[in-house]
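# Geometric and topological summary
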Amino acid sequence: MFRLCLFCLLSLFILQCQKEDPPVKKQPTPFDLVIPKGLPAMNIPADNPMTVEGVALGRRLFYDPILSADSTQSCSSCHQQAHGFVDGNLQFSIGIDGQPGTRNAMPLFNLGWQRSFFWDGGAANMESQVVGPITNPVEMHEDLPRVALKLNRHPEYPTLFREAFDLPDTAAVTIPMLMKAIAQFERTLISGNSRYDQWKRGDTQLTAQELHGMDLFQDFEKGDCSHCHVLGSTFSDFEFRNNGLDSIPVDEGRFLITLLPNDKGKFKTPSLRNLAYTAPYMHDGRFATLTEVLAFYNSGFKDSPTLDANLKHAVKGRLSPEDMADIIAFLHTLDDPDFLSSPAFANPF
Amino acid sequence: MRIKSRIFPILSVITSALLSTAACKKDNTVQGPAVAPLSFVFQNRVNQEPVELGVGSYTNANGNAFSFDMLKYYISNIVLVTDDGKEVALNNHSLIDAANLGSEQLQFDSIPKGHYTSMHFQLGIDSLHNHNLDQAGDLDPVNGMFWSWNTGYIFLKHEGTYRNANNEWDQLLFHYGTDGALTAVELALPDVNLDDNGKRYTSTSISIKLVQQSEYYGLRHRPHSAKRFLYRSRLACQTNGKRSRRIQRRPG
């Protein structure tokens, strides 16, 4: 019904347009998403094709505190480019009401390859994820009708939205458009120029220590990291796994979404790119350094019914201090300083 | 008639199919429009009492008192079925909001003529549409009918107050949803004849009684426990009595 009516309105509008012979409307320009060699092709949803205007709008919204209840916080408050898009290396991010959340902010890069969002995968897709932080009481704590109102009253946003989504001059800004625009920007946040990537492309050399670290990373008897942090491009299998942080998990992770007992204490395997900038580590930010992380994987992981089979069989103390240092050296080949300084992702204001 | 489903407590939903008619001609071949208007009115009841927002209180089968400040739900994929099995799809997803009187009536202007003997619809959002929140119209998140921490639409939202174990009024937030909660409702339509031959214009009023089960009001809403709770609530629902009566034929 509603759609039918809308259609009538639209066709009416078009008819009127034709009568009045308006200036030719500028079509949004398709966005040319450049995927660095070595990373897989990205799936873009058919109902949200990327455009130059859409990406620019999404970037602006990402940096605009207009999306929070008291206009003090934007997405970039907790996701800062200089920190690989996590917050200022806090354990728990602080929302507009000064309240901390219960999870460590996640770095934002290579999101276009993820199958779900948040530590527990609760958000099913990038567009849907956007309304989470805006409405979350311990984050931006804003009502969506107010967001729509503020955007529609803004001197520039209505025009920017119409240009990005090729809408008639009378169209109002809606929440689905806001979600689509931010998702378009998020898909551009690609990190793929680390020394490891350059080495894979044959453009640089890795040191003997780094190469040894890579061997240990893959060695089933040693690091055995690549079972979950798949070596290659994304450094994650995007599965939910219990890596043994607790025998009785405080945060039940994936279980909160699926309610399957077998999912207790499981979290999404994170990428291992840009670790130099994204401390502290794990969903609750419990480890401040990679040395602590390696000590944990070497001997600190705890048994529980849902502990991943790969770790159940891992021998405690299998890594020497040199082994751990080598793995860390390898991990740092995944740091991508270009990503942190790329002007395309910087604050546009 | 029993409705196959797994759903929730306390409310009686009465669907009435009201037929209002256009011109009626005797010749069924060419004359007269091939379509007729039809509207559904959703009336919310607790037992026999109509739901009113912000006033009064109701008592469920367990003797718990509660009230309504908000009652919103989705009715999706309404399909009419003719006596020879043809199906006519009417809507996609419609948000019924007790605070918005207009939304309680779904008006369809051009139903193909035919003798309709049953209908089916869903309470909730089908899984094809339940996992993307960037949808327009009644599915726009601006309507507040979604979860962000676990992507999906809230199928039914009842907010108000309830009298807790200490006999104090406490906040009630009941948010019902997830794929497993989608409730298919199938109803026989004893006598809906949209046919310019038949000359019968009838209205069917079917009340669906959704009987509340235990735990409903014992729980305060927390985002994560709410969903767990939803899985625990079980449906006992039944239509209570089908009534059909003729309404006056309008002059043709």
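The next thing to look at is the overall build of chain A. When helices and strands are counted, chain A shows 15 helices and 2 strands. Relative to the globule expectation of 20 Å for 349 residues, the C-alpha radius of gyration of chain A, 23 Å, shows essentially globular dimensions. Structurally, chain A occupies a C-alpha span of about 80 × 45 × 35 Å along its principal axes. Residues classed as buried in chain A amount to 52% of the 349 residues present. Put simply, of all contacts in chain A between residues at least 6 apart along the chain, 66% involve residues at least 24 apart. Surface accessibility of chain A: about 16200 Å² in total, with carbon and sulfur atoms responsible for 59%. A distance of 4 Å separates the average location of the 30 positive side-chain charges in chain A from that of its 42 negative side-chain charges.

Bringing the interface of chain B and chain A into the picture now. At the interface, 23 residues of chain B touch 26 residues of chain A. Of the roughly 1900 Å² buried between chain B and chain A, counting both surfaces, carbon and sulfur atoms make up 58%. Along the contact surface separating chain B from chain A lie 1 salt bridge. The closest approach of N and O atoms between aspartate 134 of chain B and lysine 180 of chain A, which form a salt bridge, is 3.1 Å.

The next point concerns the packing of helix H2 (residues 52-62) of chain A against helix H8 (residues 175-188) of chain A. Packed helices, taken two at a time, are described by the angle their axes make and the gap between the axes. All names here are of chain A. For the pair H2 and H8, interaxial distance at closest approach is 7 Å and the crossing angle is 95°. It follows that H2 is roughly perpendicular to H8 by the angle criterion. Of the residues in H8, those touching H2 at Gly54, Val55, Leu57, Gly58, Arg59, Leu61 and Phe62 are Leu178, Ala181, Ile182, Gln184, Phe185 and Thr188.

This part takes up the nonpolar core. Leu61, Leu67, Leu151, Phe161 and Leu178 of chain A together with Phe40 and Leu80 of chain B are the most contacted members of the largest nonpolar core, which totals 70 residues. Dropping the residues within four chain positions of it, leucine 61 of chain A is found in contact with Leu67, Leu151, Tyr157, Phe161, Leu178, Ala181 and Ile182 of chain A. With 30 residues, the next largest nonpolar core counts Phe217, Cys225, Leu307 and Leu334 of chain A among its residues.

Residues and elements named next belong to chain B. Per-residue confidence for chain B gives a mean pLDDT of 66; residues scoring 70 or more make up 60%. Of the regions scoring below 50 in pLDDT, residues 1-32 engages in 134 contacts with residues more than four places distant in sequence or in other chains. Across residues 197-252, confidence stays below pLDDT 50; counting only partners more than four residues off in sequence or on other chains, it has 171 contacts. In the predicted assembly, ipTM is 0.84 and pTM is 0.85.

We now examine the packing of aromatic side chains. Residues and elements named next belong to chain A. Under the counting rule described, the total for this entry stands at 20 aromatic pairs over all chains. Where tyrosine 196 meets phenylalanine 235, the ring centres are 5.3 Å apart and the plane angle is 75°; that geometry is what we call edge-to-face. Here phenylalanine 235 lies in the loop between helix H10 (208-218) and strand E1 (240-241) and tyrosine 196 lies in helix H9 (residues 195-200), a separation of 39 residues in the sequence. Here phenylalanine 339 and phenylalanine 345 contribute two aromatic rings whose centre-to-centre distance is 5.3 Å and whose plane-to-plane angle is 50°, an arrangement assigned as tilted. Taking the relative accessible area as the measure of exposure, phenylalanine 339 reaches 2% and is therefore buried. Judged by relative accessible area, which is 8%, phenylalanine 345 ranks as buried. Pairwise contacts between aromatic rings join Phe62, Tyr63, Phe85, Phe109, Phe185, Phe339 and Phe345 into one cluster.

Parameters and conventions
Within each chain, residue numbers correspond to sequence positions counted from 1 in written order. Starting at A for chains and at 1 for ligands, labels are handed out in the order in which the entities are written. For this predicted model, a pLDDT threshold of at least 70 governs which residues receive local features, and a threshold of 80 or more governs which side-chain atom pairs are given and counted, while totals over whole chains, interfaces and linings are taken from all residues. Calculation of side-chain values draws on the structure's entire complement of heavy atoms; hydrogens and water are dropped beforehand. We count a stretch as a helix when DSSP gives it H or I for four or more residues in a row; a strand needs E for two or more, and each element gets its number in order from the N terminus. As a reference, a globule follows 2.2 Å times the number of residues to the power 0.38, and the radius of gyration itself is taken over C-alpha atoms. Type-normalised accessible area, obtained with a 1.4 Å probe on protein chains alone, sets the label of each residue: buried when under 20%, exposed when over 50%, and partly exposed for intermediate values. Residue contacts are counted whenever heavy atoms from the two residues lie within 4.5 Å of one another. The Shrake-Rupley method, run with a 1.4 Å probe, gives the accessible areas here. Residue values count only the displayed protein chains as cover. Counted as positive: Lys and Arg. Counted as negative: Asp and Glu, with His and the chain ends omitted from the count. Lysine's charge is taken at NZ, arginine's at CZ, aspartate's at CG and glutamate's at CD. Two parts lose some accessible area (1.4 Å probe) when they are put together, and adding that loss for both gives the buried area. Every case where a carboxyl oxygen of Asp or Glu lies within 4 Å of a side-chain nitrogen of Lys or Arg is listed as a salt bridge. Between N-to-C directions, angles span 0 to 180 degrees; the directions come from axes that are lines fitted to C-alpha atoms, helices contributing only their stretch in contact. For this classification, under 35 degrees means roughly parallel, over 145 means roughly antiparallel, 65 to 115 means roughly perpendicular, and everything else is oblique. Put simply, buried Ala, Val, Leu, Ile, Met, Phe, Trp, Tyr and Cys residues joined by side-chain atoms within 4.5 Å make one nonpolar core. Here pLDDT means the predictor's own confidence in every residue, given as a number from 0 to 100. Centres within 6.5 Å are what make two rings of Phe, Tyr or Trp a pair, Trp counting through its six-membered ring; a difference in plane orientation under 30 degrees is then read as stacked, over 60 as edge-to-face, and the rest as tilted.

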